[in-house]
Amino acid sequence: MPTIVHARYALRAGAPAEDLALCVDGDFIIDAGTLAELVARYPAADRIGGDEFALLPAFTNAHDHGRALGTLALGVSDNFLEVWLGRLAALPSIPPYLAALYSGLQLLQSGVTAVAHSHNPSDWSQLPAELPAAMRGYADAGIRVAMHPPIIDQNQLVYAEGQRFLDMLPAELRNSLSGRSKIDLSADDYFAALDELYSKYHDPLRHRAHVQVSPAGGQWCSDALIIRACEWARRQQTRVQMHLLETPYQRRYAYKTWGLSFIRHLDDIGALGGWLTLAHMVWVDDEDIELLAERGVGIAHNISSNLRLRSGIAPIAKMAAAGVKVGIGLDGHSLDDDQDFLREMRLAWTIANQSGMAAADLSAEAVWRMGASVGAEITFGAGAPLGELEIGALADLVLLDLQAITGLWAPEDYPSRELLPAMLLRRAKREHVRHVMVGGQWVIRDGEHAHVDSNDVEREIWARLRFEAGRPTSALDDYLRAFYRAWDADNRWI
């Protein structure tokens, strides 16, 4: 039976609309109009909504790691990215199925119905086995996933000059590094596993799951590996996602290695194109922004993570003004450790609008599009009808508690339509998400998951952590900082 979803206000492509009702049948939105019009056309349809709600297209989390818990809860405090990464090898592991299941539940309660999952292997040799388990976890949660299995073939410890770093270490610490997790998965084995995962799970019709390729980061991957990844994605008509230019040291790596920017180098090897999404991009050169727009490259912006790891602020207002497609990702590292996507959009909006009358402006409407339609496009591709309240789009919908958001702040006839996008973006939080639909099915009702008890999942996770938890070490911290301080002092490389 069709379902009519309606609200007093809606955001359509980020712009406000009043008295919008949608008719959903199966996976898709089949009709749109006023409530009176749709009731007349579908008198037997179920109805949900009302004047107390705001209706939005559901969000896409354009970059995450699906750890279930933040790294702080797992024993690793925030630091510079390069130092922080040195501790992640000792994180206690959570079974991939449980981690994905719980991550999906958290995101759904924040209005997110699709996620780009950049997988962190607990054991590289077991990566082919971990990936299907994570896919099942997201499926059981009821959330869409673009799965990004990582591959690395160089610079695991530091970005370059690895021997110089080893020479800085005392012998005992240097010898202990032999016990660290090694990347013992060959490129051939990786792509064979990727082919199998793609054949079993990739869904280009209903877009429940996409399988994509992820050379983990420009500094961690050889040109040959990046080129092979792009060729694989283009052949399979899927996408590539890669971390890039997250810190100034990654920018320096490019200039030290090739004497030009990372973006120019990637363009030289044919890696830039509409198939590519780059996560972070804090330290992009201003003169490369137009090239990114010209090549159709997507950017996954992670403002909380970049702030917490002292990486900097990506120029997303400049990017958006130039026509670059920018989505928003939580990176599993939100400012309050709560995976609140609404708060993440608010933070991105606030910090993007920098001081100075000549600064580029980023509107509230643009941020809503980043969180919904643009985020979906750079995650699932332009052919996926996600992130829109339009006929023919997949029915991924969010109803926010408009009364709780406005409270005593607004009289009966306020906010005006023009202020609605800004008011919702400034005030809405995950606690205001009341109902969430994925592909025509309600997965969140009255703020709770309709099919899975998150408390049971939490208990299972904590039971596994108590059994397996280890202690991340800080032994390398001072040496890593000293190593990269030498890069700061070397003025030959800007």
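Let us look at the sheet that holds strand E3 (residues 28-33). Taken together, 8 strands build an open sheet; the order of strands is E3-E2-E1-E4-E15-E16-E17-E18 and the sheet is mixed. Edge positions in the sheet fall to E3 and strand E18 (448-449), since each of these pairs with one other strand and no more. Across 7 bridges, strand E1 (residues 3-12) lies against strand E4 (residues 46-57) in parallel orientation. The partner of Ala10 across the bridge, within E4, is Leu55. Against the sheet, helix H17 (residues 420-427) makes contact with E1, strand E2 (15-25) and E4, and its axis sits at roughly 95° relative to E1, the strand it touches most.

Strand order in the open sheet made by the 4 strands is E11-E12-E13-E14, with parallel pairing throughout. Edge positions in the open sheet fall to strand E11 (240-244) and strand E14 (325-328), since each of these has one partner strand only. Taking each pair of neighbouring strands and ignoring which way they run, the sheet shows an average axis angle of 30°. Sheet analysis places strand E13 (residues 298-301) next to E14, joined by 4 bridges and oriented parallel.

Ranked by size, the top nonpolar core spans 134 residues in total, and within it Ile263, Leu278, Met281 and Leu424 carry the most contacts. Ignoring anything within four residues of it in the chain, the contact list for Ile263 reads Leu244, Leu245, Leu272, Leu278, Met281, Val284, Asp288, Leu291 and Leu292. Core analysis: the next-biggest nonpolar cluster, separate from the first, contains 18 residues, Leu20, Val24, Ile48 and Trp442 among them.

Of the positions making up helix H9 (residues 248-258), those classed as buried are Tyr249, Gln250, Arg252, Tyr253, Ala254 and Tyr255. Buried residues along H9 sit against helix H2 (81-88), E11, helix H10 (262-268) and helix H19 (477-489). Directly after H9, the chain includes Gly259, whose backbone phi takes a positive value near 75°.

All right, on to the pairing of strand E6 (residues 112-118) then. Successive side chains on a regular strand alternate, one facing one side of the sheet and the next facing the other. The element E6 is largely enclosed, with a buried count of 7 among its 7 residues. Pairing of strand E5 (residues 59-64) with E6 involves 4 bridges; the strand directions are parallel. Each bridged residue has a counterpart across the sheet, and for Asp64 the counterpart in E6 is His117. Pairing analysis gives 5 bridges linking E6 to strand E7 (residues 144-148), with the strands arranged parallel. Counted as the bridge partner of Ala116 is Ala146 from E7. In the classification by handedness, the crossover that spans E6, the intervening helix H4 (residues 127-141) and the parallel E7 is right-handed.

This paragraph deals with a nonpolar patch on the surface. Together, Leu307, Ile313 and Leu335 give the surface a local cluster of nonpolar side chains, amounting to about 230 Å² of exposed area. Relative to the helices and strands, Leu307 resides in helix H12 (residues 303-308).

Rules behind the numbers
- Counting restarts for each chain, with residues numbered from 1 along the sequence as it is written.
- Local features in this predicted model are restricted to residues whose pLDDT is 70 or higher, and side-chain atom pairs enter the listing and the counts only when it is 80 or higher, whereas totals over whole chains, interfaces and linings include all residues.
- Excluding hydrogens and water, the side-chain figures rest on all heavy atoms present in the structure.
- Strand pairing is assigned whenever DSSP detects at least two bridges linking the two strands.
- Elements are defined by DSSP. Helices are runs of H or I of four residues or more, strands are runs of E of two residues or more, and each kind is numbered from the N terminus.
- Note on contacts: a residue pair is in contact if any heavy atoms of the two residues lie within 4.5 Å.
- To obtain each axis, a line is fitted to C-alpha atoms, and for helices this fit is confined to the stretch in contact; angles are then taken between N-to-C directions over 0 to 180 degrees.
- What makes a nonpolar core is a set of buried Ala, Val, Leu, Ile, Met, Phe, Trp, Tyr and Cys residues whose side-chain atoms join them at distances within 4.5 Å.
- Burial classification: accessible surface area is computed with a 1.4 Å probe over protein chains only, and a residue below 20% of its type maximum counts as buried, one above 50% as exposed, and the rest as partly exposed.
- Seen with its strands pointing away from the viewer, a crossover is right-handed when the path leading from the first strand over the helix to the second is clockwise.
- A residue counts toward a patch only above 30% relative accessible area and without a salt bridge, and it is joined to like-charged neighbours within 9 Å or, for Val, Leu, Ile, Met, Phe, Trp and Tyr, to nonpolar neighbours within 5 Å.
- Working definition of accessibility: Shrake-Rupley area with a 1.4 Å probe, residue cover restricted to the visible protein chains.
- When a carboxyl oxygen of Asp or Glu lies within 4 Å of a side-chain nitrogen of Lys or Arg, that pair is called a salt bridge.

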